Amino acid sequence: MTPKQLDLTLRQQQIMEMAQQQGFVATEEMVRILDVTPQTIRRDINELCALGLLRRYHGGAGLASSIENVDYQARQVLCLEEKKRIAALVADQIPDRASIFINIGTTTEEVAKALRSHQGLRVITNNLHVAALLSADADFEVTIAGGIVRPRDGGIIGEATLDFIRQFKVDYGIIGISGIDRDGWLLDFDYREVKVAQAIIANSRKVFLAADHTKFGRNALVRVCPIDQIDALFTDAPPPREIADLLAREKIDLHIASAL
């Protein structure tokens, strides 16, 4: 599929939001709420299943597996406009001549693009795409971690990556995530990637989490850390009440990139 074909319609986004809230959505319920025919809903479900976002079950569909992420090519274009707005908001909070970690993820790659107008940044990353984006600027110093390169997304992981990250203490750690559970745990799919994210969090003076609204309540297998380990959440929509309450209680800054 081309990137344009992978864009979700408003109705498909509504179906995904229902699935994330309930875990499973019945075809009859979606027909009633969205006021469309069963055939239309089945077509939407088929497309969402083809993208790896949903899994078909008898009578409806549920969230895809908690042990496997959506393909990188699909993630590059899903919620792309939202990710761009989030990235601009993050970039606004990063001063010139700061030192930063940037980890694996399509949202953090958008942050890297938004940072290209800055001056004198010192960037340490385990993301080949981020390194390629920012190393083109002669005013930036980009240091890339050693380790095992994941072919599917250009992420660098492994023990060598951990050893490398632990040598630094930076001003800002910018991380993405696969899911934020309603109990406040940050979740991801690959335990090796999680270990690197944990090292970034431990070695950053401030931690910024960039996550679009589809990450709220999304399941993933491996726990990264409780949400109180971050300093600010950058997203594109108000989080569910449970997460919003946690943010307020822990005094975590919430930045919402509203649509123009």
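Use the structure listed above.
This write-up is about the structure you can find in this document. Counting restarts for each chain: residues are numbered from 1 in the order of the written sequence. Reporting of local features is limited, given that this is a predicted model, to residues whose pLDDT is at least 70; pairs of side-chain atoms are given and counted only at 80 or more, and all residues count toward the totals for whole chains, interfaces and linings. Where side-chain values are given, they derive from all heavy atoms of the structure, hydrogens and water being excluded.

## A closer look at the nonpolar core
We count it as follows: Grouping buried Ala, Val, Leu, Ile, Met, Phe, Trp, Tyr and Cys residues that are joined through side-chain atoms within 4.5 Å yields what is termed a nonpolar core. Relative accessibility decides the category of a residue: with a 1.4 Å probe and only protein chains considered, values under 20% of the type maximum give buried, values over 50% give exposed, and everything between is partly exposed. Secondary structure elements are taken from DSSP: a helix is a run of H or I of four residues or more, a strand is a run of E of two residues or more, and numbering for both begins at the N terminus.
Formed by 31 residues in total, the largest nonpolar core has its most connected members in Ile180, Leu186, Leu209 and Ile227. Put simply, the parts of the chain that give this core at least two residues each are α9 (159–165), β9 (170–175), α10 (191–202), β12 (204–210), β13 (222–226) and α11 (241–249). Broken down by element, the residue count for this core peaks at six residues, all from α10. Judged by nonpolar contacts, the second largest core, of 23 residues, contains Ile94, Leu115, Val123 and Phe234.

## Structural notes on the pairing of strand β5 (residues 122–125)
This is how the line gets drawn: Any two strands are treated as partners once DSSP identifies two or more bridges connecting them. Look down the strands so they point away from you; if the path from the first strand over the helix to the second goes clockwise, the crossover is right-handed.
In this sheet, β5 lies alongside strand β4 (residues 99–102) in parallel orientation, the contact comprising four bridges. Paired with serine 99 across the strands is arginine 122, a residue of β5. Crossover handedness for the path β4 to helix α7 (residues 106–114) to β5: right-handed. Relative to strand β6 (residues 141–144), β5 runs parallel, the two sharing four bridges. Counted as the bridge partner of threonine 125 is isoleucine 144 from β6. Crossover handedness for the path β5 to helix α8 (residues 128–135) to β6: right-handed.

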